[in-house]
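Spelled out from the first residue to the last, the chains are:
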Protein chains: 2
Amino acid sequence: MDTREDQVSGDAGSWRHYGPVSLPKPLAAALDAFAERGYDGTSIREVAARAGLSVPGLYHHYPSKQALLVSLTTAVMNELLDRSRRALSEAGPTPSERFDAVVESLLRFHMFRRDQAFVASTEMRSMEPESREAYVALRDEQQRMIDEIIEAGVESGEFTTPFPRDAGRAVATMCIGVADWYRPDGMLTPDELVERNLAIARSAVGAL
Amino acid sequence: MDTREDQVSGDAGSWRHYGPVSLPKPLAAALDAFAERGYDGTSIREVAARAGLSVPGLYHHYPSKQALLVSLTTAVMNELLDRSRRALSEAGPTPSERFDAVVESLLRFHMFRRDQAFVASTEMRSMEPESREAYVALRDEQQRMIDEIIEAGVESGEFTTPFPRDAGRAVATMCIGVADWYRPDGMLTPDELVERNLAIARSAVGAL
């Protein structure tokens, strides 16, 4: 795992701004441990040690390893949704403007919250059925945001794709995939990567 | 993990044909275990039990859990590369035809080899440096196949993307992502999904 501190981008308070991750200590410790060794490969003892807590001290706040996973992935999805909603609230009214806003938000999130995205998607298998359902519901909400904008764009004639749902999934996949390859010390700045990938996402929906 | 048998598609012997996975028993057992519980969460004892072997019997062929992971991910990447090369060898000479062939091959692979793709990408973190390097080299070879075709298409004027490298990564990401959402009992057939996602991939490179 990459342990360099994430770059900061955008003005503080903006949905574009990513400072260091602000999770409660036990969740930050669980995130690091799950990212490095996976959920099944991590012991509660290890999370406690990384958080500088005793095992009973950790259990006091999070009664199980599953509770840590659920709190962590819920926090991740809520941050993503919150940023996307804020991006949309600042965007202009046209589907093209709204598409750009939500895609940019998704791209930035997956640059600056790589480990979170990796753990959430990898450890869906480790979630108990009820928690997995709740997680999937949040993920579906994010996908619906994209799908509704693409449908509106097809309706208005701004987007020409004959396959809006499939394009919506492809665009989301592309944005999520950024977490797999983005490196803070790469050749291009986050803004340049946003510009290029946004252009590709627009092509994928047949934006005019 | 989904345990239903993968659907068969294409004529036997074709790069489009996917029968049941044909891995040596210990690798098939390791695949199932790693997919369900992750590399760190899996014991060599568990792999042996799933393979119907004693632990010494398993060690005779694979001296360590790491050896299982390396053999498995190498087999996965070699199957992918072999199918992509065969798809290209049957394709027409134009960049558009070659693009369609390699994208279709990637899409099908990630429909019918979901667990393999998941384990290979998730457990890169668990590979020792030398093995990871060898794995990444194979993955880069697959990416290069796509990139070279896109560059040729831009050169010939068939593709209009101003960002060929970024588009190449986006297309690969989209194809790989199929493993995350494809379900054999979904609404659309593999052929329909190939058609739609191929159309989206063409848009992403600005195919005329």
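Remember, predicted model here, so these are calculated numbers, not experimental data.

Asks: Where do I start with the overall build of chain A in this structure?
Replies: Scanning chain A from N- to C-terminus turns up 9 helices and 0 strands. Ordered by position from N to C terminus, the α and β elements of chain A give α-α-α-α-α-α-α-α-α. For 208 residues, the compact-globule estimate of 2.2 N^0.38 gives 17 Å, and chain A sits close to it at 18 Å. With the C-alpha coordinates of chain A rotated into their principal frame, the extents come out at 60 × 40 × 25 Å. Every one of the 208 residues in chain A was classed for burial, and the buried ones make up 52%.

Asks: For this particular structure, what's the right way to read the interface of chain A and chain B?
Replies: Quite often, the size of an interface is put as the accessible area lost when its parts meet. Taken together, the contact pairs 29 residues of chain A with 29 residues of chain B. Between chain A and chain B the total buried area reaches about 2,400 Å² when both faces are included, carbon and sulfur atoms providing 62% of it. For the chain A face of the interface with chain B, the top three residues by lost area are Arg125, Phe163 and Ile200 of chain A, together amounting to 25%. Linking chain A with chain B are 4 salt bridges. Residues arginine 196 of chain B and aspartate 166 of chain A are paired through a salt bridge, measuring 2.9 Å at the closest nitrogen-oxygen approach.

Asks: Quick question: what am I supposed to make of the nonpolar core here?
Replies: The nonpolar side chains of a soluble globular protein tend to be buried, and buried together. By size, the foremost hydrophobic cluster in this structure holds 122 residues, and its most contacted members are Phe99 and Val103 of chain A together with Phe99 and Val103 of chain B. Sequence-distant contacts of phenylalanine 99 of chain A, that is, excluding residues within four places in its chain, are made with Ile149, Ile150, Phe159, Val171, Ala201, Arg202 and Val205 of chain A.

Asks: For this particular structure, what's the right way to read the UniProt feature "DNA-binding region" (unreviewed entry) in chain A?
Replies: Within the UniProt annotation, "DNA-binding region" (unreviewed entry) is assigned to residues 43-62 of chain A. Between the first and last C-alpha atoms of residues 43-62 of chain A the distance is 13 Å; the span itself is 75% helix and 0% strand.

Asks: Sorry if this is basic, but what is going on with empty space enclosed by the protein here?
Replies: A water-sized probe rolled over the atoms picks out the places where empty space is left. Across all of its chains, the model carries 1 cavity of 30 Å³ or more by this definition. For the largest cavity, the calculated volume is near 40 Å³. Surrounding the largest cavity, 14 residues form its lining, Arg37, Gly38 and Arg125 of chain A together with Arg37 and Gly38 of chain B being those nearest its centre.

Asks: Help me out: how do you make sense of the UniProt feature "domain: HTH tetR-type" (unreviewed entry) in chain A in this one?
Replies: Using the residue numbers shown here, the UniProt feature "domain: HTH tetR-type" (unreviewed entry) corresponds to residues 20-80 of chain A. Secondary structure across residues 20-80 of chain A divides into 72% helix and 0% strand, with the first and last C-alpha atoms of the span separated by 15 Å.

Asks: It is not clear to me how the relation of the copies chain A and chain B should be interpreted in this structure. Could you clarify?
Replies: One copy of the chain maps onto the other through a rotation about an axis followed by a shift along the same axis. You can overlay chain A on chain B at an RMSD of 0.0 Å; the transform is a turn of 180° with a shift of 0.0 Å along its axis. Such a combination of turn and shift is consistent with a two-fold rotation axis. Mapped onto chain B, 100% of the interface residues of chain A again fall at the interface, so both copies present the same surface.

Asks: I tried to follow the side chain of serine 84 of chain A on my own but got confused; where do I start?
Replies: All names here are of chain A. Relative to the assigned elements, serine 84 resides in helix H4 (residues 65-90). On the basis of relative accessibility, which here comes to 0%, the residue serine 84 falls in the buried class. Dropping the residues within four chain positions of it, serine 84 is found in contact with Val102, Ser105, Gln142 and Met145.

Asks: Honestly, the pattern of salt bridges in this entry has me stumped. Any pointers?
Replies: A side chain of one charge can pair with a side chain of the opposite charge when the charged atoms of the two come close. Taken as a whole and judged by the stated rule, the model has 34 salt bridges over all chains. Between arginine 85 of chain A and glutamate 141 of chain A there is a salt bridge, with its nearest N and O atoms 2.7 Å apart. In this pair, arginine 85 of chain A sits in helix H4 while glutamate 141 of chain A sits in helix H7 (residues 129-156), placing the two residues 56 residues apart along the sequence. Given a relative accessible area of 41%, arginine 85 of chain A falls into the partly exposed group. Glutamate 123 of chain B is the salt-bridge partner of arginine 125 of chain B, the closest N and O atoms lying 3.6 Å from each other. Among the residues examined, arginine 125 of chain B registers a relative accessible area of 16% and is labelled buried. Through salt bridges with shared partners, a single ionic network connects Glu36, Arg37, Glu46 and Arg50 of chain A together with Asp40 of chain B.

Calculation criteria
Residues numbered from 1 in each chain as written. Chains lettered and ligands numbered in written order. Predicted model: local features only at pLDDT ≥ 70, side-chain atom pairs only at ≥ 80, totals over all residues. Heavy atoms only, no water. Helix = DSSP H or I, 4+ residues; strand = E, 2+ residues; numbered from the N terminus. Rg over C-alpha atoms; globule rule 2.2 N^0.38 Å. Buried < 20%, exposed > 50% of the residue type's maximum accessible area, 1.4 Å probe, protein only. Contact = heavy atoms within 4.5 Å. Buried area = accessible area lost by both parts, 1.4 Å probe. Salt bridge = Lys/Arg side-chain N within 4 Å of Asp/Glu carboxyl O. Core = buried A, V, L, I, M, F, W, Y, C linked by side-chain atoms within 4.5 Å. UniProt positions renumbered as here; feature names shortened; annotations may be inferred. 1 Å grid on protein atoms, 1.4 Å probe; cavity = no way out; pocket = protein on both sides within 12 Å on 5 of 7 lines; lining within 4 Å. Points joined across faces, edges and corners; volume = space filled by probe spheres on them. Least-squares fit on C-alpha atoms with pLDDT ≥ 70 in both.

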